[in-house]
Amino acid sequence: MKLVTIVGARPQFVKAAMLSRAIEAHNHSVASREKIIEVLVHTGQHYDYEMSSSFFHTLELRAPEYELGVGSGAQGWQTGEILKRAEEVLVKEAPDMVVVYGDTNSTLAGALAAAKLHLPVAHVEAGLRSFNRSMPEELNRVLTDHLSDLLFVPTATAVTNLEREGITKGVFLAGDVMLEAALEHLHRAQTKSSILRDLGLQPGGYALATVHRPSNTDLKEPLEQIVQAFTEISKTCPVIWPMHPRARKALESFSLLPESTNGLKTLPPVAYEDMLLLEASARVILTDSGGVQKEARWFNVPCVTLREETEWIETLEDGWNRLAGSDRQKITEAFHSAIGSRCIGVQPSESQRAAETMVRHIVAFGQNSGGCLPRP
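Residues numbered from 1 in each chain as written. Predicted model: local features only at pLDDT ≥ 70, side-chain atom pairs only at ≥ 80, totals over all residues. Heavy atoms only, no water.

A few words on the packing of helix H7 (residues 177-192) against helix H13 (residues 290-298). Two quantities define a packed helix pair, namely the angle between the helix axes and the distance between the axes. At a minimum axis distance of 11 Å, the contact between H7 and H13 shows a crossing angle of 55°. Taken together, the axes of H7 and H13 lie oblique to each other. For the element pair H7 and H13, the recorded crossing hand is right-handed. Each of Met178, Leu179 and Ala182 in H7 lies in contact with H13, whose residues at this interface are Lys294, Glu295 and Trp298. (Axes fitted to C-alpha atoms, helices over the stretch in contact; angles between N-to-C directions. Helix = DSSP H or I, 4+ residues; strand = E, 2+ residues; numbered from the N terminus. Parallel < 35°, antiparallel > 145°, perpendicular 65-115°, else oblique. Left-handed = near helix turned anticlockwise from the far one by under 90°. Contact = heavy atoms within 4.5 Å.)

Written out as structure tokens, the structure is:
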């Protein structure tokens, strides 16, 4: 059975690495004719070294067989370029299934290229909904789910979301591969990473910030409000801000790039394990990232979400993740509320085998299709 895995952004590299490892474990336990051949395609949606190549090294993810080199660009252009180039790869490789992850333009373009070629699609992290159609990620999620044959959902809420849209076939509550990766790599980071020492940080002595969503970076006003909030917070608590390339470019174009000071320290993107340690050791996290919201919960760190909604509504339970949008006053008020709270969070299970579960369902799908899935 041949799979083509399509990735293009940091969280997708993490998820793909866990699934690839589960595929290798499967291959070691079966006869040659039952092995899975995986072809990895990197769209190039994230092209910065720390946003891309270093993740492959840290996660021990092999070099991709195809690098499409799309790079950044407008939403429509980027999605179209990935679609065009991914289709060429799929025609050449003629896989039995295409695997996509999350909610980026790479996700939608990969799923659409596969569906138009009548190739089955497996969507990892399906069923998430923020119910805000102005978000490009929300459109990508919804459309990809409706194109998919296997939908691997991380939460019971995601199952319900799909049921409301009439999607019940091929839906599996498989768990969260990001949790598997976070627990494993945080343990490594605690013994190997020097990021806290290098930055002169003490656990619980700083706030960690991340910003990358188009809603927060495409227009000057929300980004200016966020910078003002971070600057105000930094007067009482150091703020560490590893900058996504999109955020840095926007800050420079709007002449809003803050000076790195003892209070507000800006950094280039950091490696995956360094980021996990920064998250787990923070007093509060300020972010517009869905993945970082989850990791904050797993690490029992209070979170302020720089959005008006979240696709991870479970993180709002007990009120420790606070939605603040991009308003300066709301962000600072949410921060002070969070810093004075005691975070309960969750106790994640280290016995979870989400990736292994997904591989079992992929194999079963192939077997139920006679071992050779329909081709165009």
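Let us now look at the sheet that holds strand E5 (residues 121-124). Here seven strands make up an open sheet; going across it, the order is E3-E2-E1-E4-E5-E6-E7 and the pairing parallel. In the strand order of this sheet, the two ends are held by strand E3 (66-67) and strand E7 (171-173), each with one partner. Here strand E4 (residues 97-101) runs beside E5; their pairing, made up of four bridges, is parallel. Residue pairing in the sheet places Val98 in a bridge with Val121 of E5. Strands strand E1 (2-7), E4, E5, strand E6 (150-153) and E7 of the sheet are contacted by helix H15 (residues 354-368), whose axis makes an angle of about 165° with E6. (Pairing = 2+ DSSP bridges.)

A word on unusual backbone geometry. Of note, Ser255 is a non-glycine position whose phi angle comes to about 55°, a positive value. Position of Ser255 among the secondary structure elements: in the loop between helix H11 (245-253) and strand E10 (264-267). Phi is positive for Asn300, which is not a glycine, with a value near 60°.

With that settled, the discussion passes to the side chain of Glu273. As for its placement among the helices and strands, Glu273 is situated in helix H12 (residues 272-281). Salt bridges are absent for the buried Glu273, whose nearest opposite-charge side chain, Arg188, sits at 4.1 Å. When residues no more than four places from it in sequence are discounted, the contact partners of Glu273 are Thr58, His185, Arg188, Ala189 and Lys192. (Buried < 20%, exposed > 50% of the residue type's maximum accessible area, 1.4 Å probe, protein only. Lys, Arg positive; Asp, Glu negative; His and termini not counted. Salt bridge = Lys/Arg side-chain N within 4 Å of Asp/Glu carboxyl O.)

Now for the pattern of salt bridges. Under the counting rule described, the total for this entry stands at 22 salt bridges. Note that Arg85 and Glu81 form a salt bridge whose closest N and O atoms lie 2.8 Å from each other. With Arg85 and Glu81 both in helix H3 (residues 75-93) and four residues apart, the pair spans about one turn of that helix. Overall, the relative accessible area of 14% leaves Glu81 in the buried class. As a salt-bridge pair, Glu125 and Lys294 come within 3.2 Å of each other at their nearest N and O atoms. Here the residue Glu125 occupies a position in the loop between E5 and helix H5 (136-147), and Lys294 occupies one in helix H13, the gap between them amounting to 169 residues.

Geometric values such as these leave the question of function open.
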